[in-house]
Every structure is written in C-alpha cells, then in structure tokens.
Amino acid sequence: MTEPVKIDIWSDVACPWCFIGKRKFEEGARRSGVPVEVEYHSFELSPDTPVDFEGSTTEYLAERKGLPAGQVAAMLQQVTEIAAAVDLHYDFDRVVHTNTVLAHELLHAAKAQGRQLETAEALFRGYFEQGRHVGRVDELVSIAGEAGLDTVAVRTALETHEFLGAVHADQAQAVAYGIRGVPFFVIDGRYGVSGAQDPDVFAGALTQVAAERESVR
C-alpha cells in the first residue's frame, strides 16, 4: 500500500487529552505500518474563555466545572501521570489559560505553508509544557518561527484574521459530523474514533482500512 490514509483530527490546543491522543495515534500508526496523511481541524472547547484569564489552572477548572479545588487538583495530577506515560511533561502550574481561536488560525496558516504538523506539536508543547501564552500574536509568531514558518506571513495572517473563516468552517464540519468532544479522528473519511484511545485501537482501524483498500483493487 503506497497511498497514505487520510486522517482528519479535530482538536483544541488547550485540550490535554488531544496531546495525549496525538502521541497514542502516532504510536498506533507506527505499529500498523500504514502510511498516513494527517490534517488538524479546529474545535474550541471553551470559546468564551478570555484572552487573559487571571488565575491558575485549578481555579479555572473549579470555576468552570463547579468542583472543589482539591478534586480538580487530583484530576490534574492524574492527567499529568497519564501524559507522562506517553513521554509528555505537563506542567499545569505554568499553563496560561486563554482563548485559543488565534492558535487555530495559526494552524491553518501553517497548513498553507506545509508545516501544520510541526506547528501543532509546537503549540501543544508550548501550552502544556512551557507555559506559553498561545492567545497572543507575538507569542504565536515566535512559536511559528520555531516550527519553521515564515513569521512575516504568519503575523500578517493573524493580524488580519486571514484564516478565521477556515476555523469556522472546521467548527461547522464538526457540528455536521456530530462531534461533541475532542480529540476526534476521522479515518479515510469513513470511520470515526473518539478520544485518546490505546495505540492498538488506532493500529487496528488503520489496518482494517488498508485491508479494505486492497480487497477492492
């Protein structure tokens, strides 16, 4: 099989399970041996989040979910441990909560420059491991440069909201698919996998698609 299987991933930069799911999918693809072509799509978990939220991760989630701070802290510790199991180093004490729409615009700008995957990785690392403010143009331009993008073009795109329509189109497609949470993986335009599943789940889905393609050749 030489033609890659298209993988469309709906995710949000501020979604801890999306980064974990990214790693598990990558491992599943490696195990399957099936070539893939990945594209990221926009999904905002909390579109009403302010650009500059004043408060900690614990405070943010306790306020949003109406949970005691102690319970939220325990949840974050559990997620941190799950992330560590796939070699990710979450630091929720440093996370800067912000509105992620500009980060989604950056991912579309990166797609236009052929470096979306590198940019998605840099955004996730910046948000969960490095405490970077992914709601500000200057920080996003810096992240874009580290991902190998033309920073002049990126700054122009972000300041003019060149790709905001593309973000909205992704969100509309998510509604059409009935996607209510992320990460959500659409494999070969036919199969949906929801959540940060075990790598073997992804490997099995990819192997099935590859076998179906071979059977009709």
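In this text, all values refer to a predicted model and were calculated from it rather than measured experimentally.

Criteria and cut-off values
- Residues numbered from 1 in each chain as written.
- Predicted model: local features only at pLDDT ≥ 70, side-chain atom pairs only at ≥ 80, totals over all residues.
- Heavy atoms only, no water.
- Pairing = 2+ DSSP bridges.
- Helix = DSSP H or I, 4+ residues; strand = E, 2+ residues; numbered from the N terminus.
- Salt bridge = Lys/Arg side-chain N within 4 Å of Asp/Glu carboxyl O.
- Buried < 20%, exposed > 50% of the residue type's maximum accessible area, 1.4 Å probe, protein only.

Inspection of the sheet shows strand S3 (residues 184-187) paired to strand S4 (residues 191-194) by 4 bridges, in the antiparallel sense. Bridge pairing links Phe-185 to Val-193 in S4. Counting the residues that bridge the hairpin from S3 to S4 gives 3 residues, and of these Asp-188 lies at a positive phi of roughly 60°.

Quick look at the pattern of salt bridges now. Under the counting rule described, the total for this entry stands at 22 salt bridges. As a salt-bridge pair, Asp-48 and Arg-64 come within 3.2 Å of each other at their nearest N and O atoms. Taken together, the residues span a long stretch of sequence, with Asp-48 in the loop between strand S2 (36-42) and helix H2 (57-65) and Arg-64 in helix H2 at a distance of 16 residues. The partly exposed category is assigned to Arg-64, whose relative accessible area is 35%. Among the charged side chains, a network of salt bridges with common partners joins Lys-22, Arg-23, Glu-26, Glu-121, Arg-125 and Glu-129.

Note that the residue after Val-182, namely Pro-183, is joined by a cis bond; omega there is 10°. Phi is positive for Asp-87, close to 65°, though the residue is something other than glycine. Considering the arrangement of structural elements, one finds Asp-87 in the loop between helix H3 (69-84) and helix H4 (101-112). Phi at Asp-188 is positive, roughly 60°, even though this residue is not glycine. Position of Asp-188 relative to the elements: it lies in the loop between S3 and S4.

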